[in-house]
Amino acid sequence: MQAQGHEGPFEVFASRMQRPSVRISNESDLPFTFVLRADNGREYSMDVPANSENVMQVDVGHFGAEVFNPDGLVGSDSGDATFKEYHEYRSAFGVVAGGGGGFHIGD
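Cut-offs used in this document
Residues numbered from 1 in each chain as written. Predicted model: local features only at pLDDT ≥ 70, side-chain atom pairs only at ≥ 80, totals over all residues. Heavy atoms only, no water. Helix = DSSP H or I, 4+ residues; strand = E, 2+ residues; numbered from the N terminus. Buried < 20%, exposed > 50% of the residue type's maximum accessible area, 1.4 Å probe, protein only. Contact = heavy atoms within 4.5 Å. Areas by Shrake-Rupley, 256 points an atom, 1.4 Å probe, with all protein chains shown as cover. Pairing = 2+ DSSP bridges. Axes fitted to C-alpha atoms, helices over the stretch in contact; angles between N-to-C directions. Polar contact = N/O pair within 3.5 Å; in protein donor to acceptor, adjacent residues only side chain to side chain. Core = buried A, V, L, I, M, F, W, Y, C linked by side-chain atoms within 4.5 Å. Phe/Tyr/Trp six-rings, centres within 6.5 Å; stacked < 30°, edge-to-face > 60°. Lys NZ or Arg CZ within 6 Å of the ring centre and 35° of its normal.

## Quick look at the overall build of the chain
Here comes step 1: Secondary structure summary: the chain contains zero helices and ten strands in total.
Here comes step 2: In the chain, which comprises 107 residues, the share counted as buried stands at 36%.
Here comes step 3: Once local pairs closer than 6 in sequence are excluded, the contacts in the chain between residues at least 24 apart make up 57%.
Here comes step 4: Entry remark: accessible area of the chain is about 5900 Å², with carbon and sulfur atoms responsible for 46%.

## Things to note about the sheet that holds strand β4 (residues 32-38)
Here comes step 1: The strand order across the open sheet formed by four strands is β5-β4-β7-β8, and the pairing between neighbours is antiparallel. Every other strand in the sheet has two partners, leaving β5 (43-48) and β8 (77-83) as the edge strands with one partner each. On average, each strand axis in the sheet is inclined to that of its neighbour by 20°, with strand direction left out of account.
Here comes step 2: Pairing geometry for β4 and β5, over six bridges, is antiparallel. Of the residues in β5, the one forming a bridge with Thr33 is Asp47.

## A short note on the side chain of His87
Here comes step 1: Mapped onto the elements, His87 comes out in strand β9 (residues 87-97).
Here comes step 2: Here the side chain of His87 touches Glu85 through a polar contact of 2.7 Å, landing on its backbone oxygen.
Here comes step 3: With residues near it in sequence (within four places) discarded, His87 still touches Gln4, Val12, Phe13, Ser15, Met17, Arg19, Pro20 and Ser21.

## Some remarks on the nonpolar core
Here comes step 1: Membership of the largest hydrophobic core comes to 20 residues, with the highest contact counts inside it found for Phe10, Val22, Ile24, Phe34, Leu36, Val58 and Phe83.
Here comes step 2: Elements that contribute at least two residues to this core include exactly β2 (10-14), β3 (21-26), β4, β5, β7 (61-68), β8 and β9.
Here comes step 3: If you tally residues by element for this core, the top one is β4, at four residues.
Here comes step 4: Beyond its immediate sequence surroundings of up to four residues, Leu36 is in contact with Val22, Arg42, Glu43, Tyr44, Met56, Val58, Phe63, Gly64, Ala65 and Phe83.

## Thoughts on the packing of aromatic side chains
Here comes step 1: Using the criterion set out here, one finds eight aromatic pairs in the structure.
Here comes step 2: Arranged with centres 6.3 Å apart and planes meeting at 90°, the rings of Phe10 and Phe34 form a pair that is edge-to-face. You can see Phe10 sitting in strand β2 and its partner Phe34 sitting in strand β4, a full 24 residues away along the chain. Considered together, Phe10 and Phe34 belong to a single accessibility category, that of buried residues.
Here comes step 3: Note on Tyr44 and Phe63: the rings are 5.9 Å apart at their centroids and 55° apart in plane angle, and the pair reads as tilted. Taken together, the residues Tyr44 in strand β5 and Phe63 in strand β7 connect sequence positions 19 residues apart. For the pair shown, Tyr44 and Phe63 are each scored as buried.
Here comes step 4: Here the aromatic residues Phe10, Phe32, Phe34, Tyr44, Phe63, Phe83, Tyr89 and Phe93 are joined through ring pairs into a cluster of three or more.
Here comes step 5: Positioned above the aromatic ring of Phe13, the side-chain terminus of Arg90 is 3.9 Å from the ring centre.

So, in structure tokens, the structure goes:
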């Protein structure tokens, strides 16, 4: 399947499913939690174990996104995206070195 473009931190792909889906890959040795917060207050959350991926279906609409390590071992990352019907949104995150010598989750 070929990417159709980008939306925030996500690559966008066509899907046969009406509800949008979000596929997150964790490319690090630490687990993290991925959270989506819709403008209407609805929240979706999923845990993504180290070196694995997870997928969830979400509502159509605009969401703020945050990814963080539940143990607080590294800093978090955030962004936003608008999800549409018949699309899958994919993003990969890992632990990266920050400019101040610290580490954070990034794409």
